[in-house]
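Examining the three-dimensional arrangement
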Amino acid sequence: MENELYKLTAHELLEKIDKKEITSQEIIGFLKKRIKGVDSKVKAYVRLKDANLQSATCNLQSTLKGIPISIKDNICTDGLHTECCSKILQGFKPPYDATVITKLKQAGATVLAYKTNMDEFAFGSSTENSYFGPTRNPYDLERVPGGSSGGSAAAVAADEAVWALGTDTGGSIRQPACFCATVGLKPTYGRVSRYGLIAFASSLDQIGPITKDVEDAALLMNIIAGFDPKDSTSVNSAVPDYLQALEKDIKGIKIAIPKEYFVSGIDQEVKAAVLAAIDKLKDLGAQTSEVSLAHTEYAVPVYYIIATAEASSNLARFDAVQYGFRAESKKGKTQNLIEMYKQTRGEGFGQEAKRRIILGTFALSHGYYDAYYLRALKVKTLIKQDFDKIFREFDCIVTPTSPTAAFKIGEKIKDPLKMYLSDIYTISANLAGIPAISIPCGFTKKVLPVGLQILAKPFNEELLFRVAYAYEQNTPWHLEKPKL
Amino acid sequence: MYEVVIGLEVHVHLKTKTKAFCGCSTEFGQEPNSQVCPVCLGLPGCLPVLNKIALDYAIKVALSLNCKVQEYTKFDRKNYFYPDLPKNYQISQYDLPIARDGFLNIDLEDKVKRVGIRRVHLEEDAGKLIHQQDSSLVDFNRAGIPLLEIVSEPDINSPQETHEYLTILKSVIEYLEVSDCDMEKGSLRCDANISIRKKGAQELGVKTELKNMNSFKAVKDALSFEVERQTELLNKDKPIIQETRLWDARELKTVSMRIKEEAQDYRYFPDPDLTAFIINEAQIEEIKKTIPELPQGKMSRFIKDYGLSKYDAKILVSLKNNADYAEDCIKAYPNKDKKPIVNWLIGPLLSEANNRNCSLSELKIPGGKQELLKLVESAQAGKISHLMAKSVLNESIDSGIPCLTIIENKNLFQISDSGSLDNIVEEVVKENAKSVADYKQGKTNALMFMVGRVMRKTSGRANPKVVCEILKRRLTDA
Amino acid sequence: MAITKDTVKYVAQLARIELKAKELEELAGQLQEIVNFIDKLKKVEIKNIPATSHILPMSNVLREDGPQESLAADKVLKQAPQREGDFFGVPKVIE
């Protein structure tokens, strides 16, 4: 049984701690062993050599009783390296904690010093854009774990983490959760504080849970959700107890199935698994109907204008003045200020980062602002209106999380546009600001995970948990583990 | 032949306790990089939250400048790279500023001129950059301090009018107590745009932007220099280049910045980290209530209610503390003709205040305004000479002894009755035979000389007018 | 919309990023492809459609003018690539 302890969920471990069968320090111990055992293959974590896995916090009166949590490398932790897996933030140790970290510590969690791998600055859908190299999918080490929270998803899937935080701007929690057969939730925009999240696209980013099952996600959301006076975009409304939403009954729930998500481009095995999942939901008492989200095809272009525009501005601060990497002056020349900026940013940013910054700068530049940025903001309104219309009649929307299962490392990296299109099912939720969850719903013949995505109207995470839990508890997928 | 067209951009630091978007102190002159936090340093992951008082102050100024406060206002990012800008963008306002379309009336010699105010908006200040030999040093204490930018219409037509505008603008803002408006401390900065065109022409000439002027005088001098420079160019049929020029306070000239004019593309877009702000009527009314009587209104009232001259009223209202103190004195002065007390306020009182680097209300006159009025009345009644009264005032403030007490103790009362003076006059006549002779020969200087002798003998206490009359009678007799 | 190497060069200058010749060439090609794809937005009817900058119907988020603790200067300057006493040092700004 001791061998299996690392496979347990957070809520199972909490039970064991309560029964005094285990301590949080022992949990850290077997996690460390597991990481040592498999991370050389999976590479879910970064800078392992630089950090010491610390002792657990052990307050038994607290909610989380010292259980460790793994954090994506773009969430600030006071005194611990936070580098967004980028060269330009080399050595950066924030002098403050992100609000979610403060909340986790207050709830008694042990925040691991090891950070999980990610696409640099969250720019990517495969974790191949990390300065530290790609993470591998625990279900097939030749394939990507998804991105940009690939490290968090792989760590949870490989039981190298009890649970983890990821971030989602265009699908970066849901898609890797899908590729790695874990649960991943993107909260409603404004539900979780962004203070301390190193920004990619300020109007789209959210921090969310990546977990082994739905109950863990609900438990984690209870801790991290809530108003933060330090974040002007955080909503001041009470956080319900999401654990209360975990009933197994979804009789009468009205589910919308948007036809645009099942057209060409979707892998046949993925389609089959998702359709089977929808049938299961019907068996459980839900009613389904086909609907149309007419502006779906415009979501990706809208996203790549708005997100890159905001990113180009958010990343301007990386200029080697206060912290991080600074390029050395070229041989024999004294470097002036502009050269320092240009060389630092030219050398410090990876290819995808440079591509997005240039695209975003272009979209905002004089003469193009109206045609690109402003136009994108208007089409975003149309996309939001599509969802508003559906939610007037339906409780939730169900779609595949991704058109394909995990692809091979190197397969899409040379074709940026192809990579962008793999976000097609997840992006709209960020643009509309609505919550969305991905849960495992099967495997392909090659034993690659398939994910089911459920979307609900703003601040209705309870419904997501309810439907997700009902499905999960009536299917075997959440009990599967990769063969590492 | 030519008309000068000037527009001004004035930035004032708002005197809030904390910065625009974070809780760091705004106190001036602290150790470098000691008043900073993740937000104003622009550290990764930080987020701004707007200071309520900064918004209130901005609305207060806008209303005082007769502007239309916008119901819906938002913040935009102004993107450019510079080491004193921690995020390499400034949170500012672009197309929906807090207020627009106001005006400020300025006094010209013969009329009142209305200068339009195009817009008033809120933004954050950058840090401070110190240039050294081989590097530059950055101090972020100032980064994030709330700035109000006030942009005028190009309605100003001379350096002198510019000076008037700045003086009145500063006065209004000081009355509102929302800024120190101190150019030396950097809490007021001014950039100017100037162009010249043939009189009667409709189109504006090519404009030059002027920066680096550190006082109102420098602004006036820089503009005067530019008027000359541009006039000369036009006269020689040479073109005027659109550029930014810096005022060189040592060489007393403007110098081209010589930066490649890559038109700055600021790529403004709405800041996604801040919500929009809706300002409703109720809030505007609340803030209106906190606006005191403003200098120009007060000036008109002083002229009307107390019969002050425009010149005198203008001096008294220039500082709010002075105006309030002055009004109290004027009201308490018993006579209907207020000229005497006004003269005292504008003359000796302001002089004392200036010498001591304080305002009228800060002058520590023992016995307060009551004692001051008694002094003025005594001087008016001739009980003490004006000259003596001035020096008593000075001594009183220095020593802490009330004026009238000093006068009594030192027996400084003016001697005006002939009884006391006759003997002394007689002495002087006897001692100055030559002067007497001179006077009899028609040299009136000699009379004043002898009056002076009497003043000497009485330690300045003799009433010079009376002495003069006694002397004249005496010399006619003899 | 044509994305030439000059477009990319100009934008890279605005963004203060130095690109090697090969990068410039590659980027221009990739960005052209992306912009061609993005241009499909031109087909959308947006007349009378308002822009959505903020997805949340919130406004007037403000804070009180009360002081909060600042960071210790040493903590702030510790990671500076070019620390000069109590200041951040940068190469000379050429005027």
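These figures come from a predicted structure and were not determined experimentally.

1. Here we look at the overall build of chain A
When helices and strands are tallied, chain A shows 14 helices and 11 strands. Relative to the compact-globule value of 23 Å for 484 residues, chain A shows a C-alpha radius of gyration of 21 Å, a close match. Overall, chain A is about 75 × 55 × 45 Å in size when its C-alpha atoms are taken along their principal axes. Here chain A, with 484 residues, has 64% of them falling under the buried criterion. Of the contacts formed within chain A by residues at least 6 apart in sequence, a portion of 76% connects residues at least 24 apart.

2. Describing the nonpolar core
Ranked by size, the top nonpolar core spans 262 residues in total, and within it A:Ile69, A:Cys396, A:Ile454, B:Ala58, B:Ala62 and B:Val120 carry the most contacts. Tallying contributions element by element places helix α8 (residues 299-314) of chain A first for this core, with 10 residues. When near neighbours in sequence (up to four residues on either side) are disregarded, B:Ala62 contacts B:Cys67, B:Val69, B:Ile98, B:Ala99, B:Gly102 and B:Val120. Residues B:Ile341, B:Leu345, B:Ala353 and B:Leu393 belong to the second largest nonpolar core, which totals 33 residues.

3. Points about the interface of chain B and chain C
On the side of chain C, 30 residues touch chain B, which itself brings 37 residues to the contact. For the side of chain B that touches chain C, the secondary structure elements donating two or more residues are β2 (50-51), α2 (52-64), β10 (135-139) and β17 (277-278) of chain B. No other element matches the 5 residues that β10(B) contributes to the side of chain B that touches chain C. Grouping the amino acids of the side of chain B that touches chain C by side-chain chemistry returns 20 nonpolar, 11 polar and 6 charged. Relative to strand β3 (residues 87-91) of chain C, β10(B) runs antiparallel, the two being bridged by 4 bridges. Counterpart to B:Ser136 in the pairing with β3(C) is C:Val90.

4. Remarks on α2(B)
Residue and element names in this part refer to chain B. With 13 residues, α2 should cover 18 Å at 1.5 Å per step; its first-to-last C-alpha distance of 19 Å lies within 8% of that length. Counting buried positions along α2 yields 11 of 13 residues, so the element is predominantly enclosed. Just downstream of α2 lies Asn 66, where phi reads positive at about 60 degrees.

5. Things to note about the interface of chain A and chain C
If you look at the interface, chain A gives 53 residues, while chain C gives 42 residues. Among the elements of the structure, α8, α9 (337-348), α10 (351-364), α11 (370-393) and α12 (416-421) of chain A are those that each provide at least two residues to the side of chain A that touches chain C. Ranked by residue count, the leading element in the side of chain A that touches chain C is α11(A), at 10 residues. Here the residues of the side of chain A that touches chain C are counted per class, giving 28 nonpolar, 15 polar and 10 charged.

6. Some words on α11(A)
Residue and element names in this part refer to chain A. Under the 1.5 Å per step criterion, the end-to-end length of α11 is 35 Å for 24 residues, consistent within 8% with the ideal 34 Å. The largest bend in α11 amounts to roughly 25 degrees and is located at Ala 376. Within α11, the full set of buried residues consists of Tyr 372, Tyr 373, Arg 375, Ala 376, Leu 377, Val 379, Lys 380, Ile 383, Asp 386 and Phe 387.

7. What to know about the domain arrangement of chain B
Residue and element names in this part refer to chain B. Domain boundaries in chain B define domain 1 (2-287), domain 2 (295-410) and domain 3 (418-477). Across the boundary between the two partners, domain 1 contributes 5 residues, which contact 5 residues of domain 2. Tallying contributions element by element places helix α3 (residues 159-176) first for the side of domain 1 that touches domain 2, with 4 residues. Within the side of domain 1 that touches domain 2, the residues separate by chemical class into 2 nonpolar, 2 polar and 1 charged.

8. Here we look at the sheet that holds strand β16 (residues 269-270) of chain B
All names here are of chain B. The strand order β6-β5-β16 describes an open sheet built from 3 strands, whose pairing is antiparallel. Strands with a single pairing partner mark the edges of an open sheet, and in this sheet they are β6 (89-92) and β16. Bridge count between strand β5 (residues 76-79) and β6: 4 bridges; the pairing is antiparallel. For Arg 77, the partnering residue across the bridge sits in β6 and is Ile 91.

9. Focus: the domain arrangement of chain A
Residues and elements named next belong to chain A. Its domain assignment divides chain A into domain 1 (2-253 + 393-479) and domain 2 (297-376). Measuring from the centre of the C-alpha atoms in domain 1 to the corresponding centre in domain 2 gives 27 Å. Taken together, the 29 residues of domain 1 in the interface contact 22 residues of domain 2. Of all the secondary-structure elements, those providing two or more residues to the side of domain 1 that touches domain 2 are α12 and α13 (427-432). For the side of domain 1 that touches domain 2, the per-class residue count stands at 16 nonpolar, 10 polar and 3 charged.

10. What to know about the environment of A:Ile306
Mapped onto the elements of the fold, A:Ile306 is located in helix α8. Ignoring anything within four residues of it in the chain, the contact list for A:Ile306 reads A:Ala201, A:Ser203, A:Ala376, A:Leu377 and A:Lys380.

11. Things to note about the pairing of strand β10 (residues 436-443) of chain A
Residue and element names in this part refer to chain A. Counted residue by residue, β10 has 7 buried out of 8 residues, so it is predominantly covered. Relative to β10, strand β5 (residues 183-186) runs antiparallel, the two sharing 3 bridges. Bridge assignment links Lys 186 to a residue of β10, and that residue is Ala 436. Inspection of the sheet shows β10 paired to strand β11 (residues 449-456) by 7 bridges, in the antiparallel sense. Bridging across to β11, Ile 437 finds its partner in Ile 454. Taking the residues between adjacent antiparallel strands as the criterion, β10 and β11 are bridged by 5 residues, where Val 447 takes a positive phi near 60 degrees.

12. Description of the sheet that holds strand β9 (residues 396-400) of chain A
All names here are of chain A. Pairing in this open sheet of 11 strands is mixed, and the strands run β1-β3-β2-β4-β6-β5-β10-β11-β9-β7-β8 from one edge to the other. The open sheet has two free edges, formed respectively by β1 (45-46) and β8 (287-291), since each of these has just one partner strand. Packed on one face of the sheet, helix α4 (residues 150-157) meets β1, β2 (68-72), β3 (110-116), β4 (164-168), β5 and β6 (206-211) and runs near 145 degrees to β4.

13. With respect to the packing of α8(A) against α11(A)
Residue and element names in this part refer to chain A. It is the contact of α8 with α11, at a shortest axis distance of 9 Å, that shows an interaxial angle of 130 degrees. Here α11 runs oblique to α8, going by the angle between their axes. Remark: the crossing between α8 and α11 carries left-handed chirality. Across the interface between the two elements, Ala 299, Val 302, Ile 305, Ile 306 and Ala 309 from α8 touch Tyr 372, Tyr 373, Ala 376, Leu 377, Val 379, Lys 380 and Ile 383 from α11. For the contact of α8 with α11, the residue count by class is 11 nonpolar, no polar and 1 charged.

14. Overview of the environment of B:Ile279
Residue and element names in this part refer to chain B. Tracing the backbone shows Ile 279 in the loop between β17 and α5 (281-289). Each C-alpha atom, one on Ile 279 and one on Leu 55, is 9.8 Å from the other, the two residues being 224 residues apart in sequence. Not counting the four nearest positions on each side in its chain, Ile 279 is found in contact with Ile 59, Val 69, Gln 70, Glu 71, Thr 73 and Ile 284.

Thresholds, definitions, all that
- Positions within a chain are numbered from 1, following the residues in the order the chain's sequence is written.
- To label them, take the chains in the order written and letter them from A, then take the ligands in the order written and number them from 1.
- Thresholds applied to this predicted model are a pLDDT of at least 70 for local features of residues and 80 or more for the giving and counting of side-chain atom pairs; totals over whole chains, interfaces and linings are not thresholded and use all residues.
- Helix numbers and strand numbers start at the N terminus; a helix is a DSSP run of H or I with at least 4 residues, a strand a run of E with at least 2.
- The atom set for the radius of gyration is the C-alpha atoms, and the globule formula is 2.2 Å times the number of residues raised to the power 0.38.
- Field definition: a residue is buried when 20 or more other C-beta atoms are found within 10 Å of its C-beta, exposed when 12 or fewer are, and partly exposed for counts in between, with C-beta atoms placed from the backbone.
- Two residues form a contact once the distance between their C-beta atoms, set from the backbone, is within 7 Å.
- Each nonpolar core comprises buried Ala, Val, Leu, Ile, Met, Phe, Trp, Tyr and Cys residues, the members being joined through C-beta atoms within 7 Å.
- Three classes are used: nonpolar for Ala, Val, Leu, Ile, Met, Phe, Trp, Tyr, Cys and Pro, charged for Asp, Glu, Lys and Arg, and polar for all others, with Gly counted as polar.
- Any two strands between which DSSP finds at least two bridges are classified as paired.
- Helices are assigned an expected span. That span is 1.5 Å times one less than the residue count.
- In this scheme, the bend at a residue equals the angle between the axes fitted to the seven residues that finish there and the seven that begin there.
- An automatic or database domain assignment supplies the residue ranges for each domain.
- Convention adopted: a line fitted to C-alpha atoms gives each axis, helices being fitted over their contacting stretch, and angles between N-to-C directions are expressed from 0 to 180 degrees.
- Should an angle fall under 35 degrees it is called roughly parallel, over 145 degrees roughly antiparallel, and 65 to 115 degrees roughly perpendicular, with every other angle called oblique.
- The hand of a helix crossing depends on one turn: near helix anticlockwise from the far one by less than a right angle means left-handed, and clockwise means right-handed.

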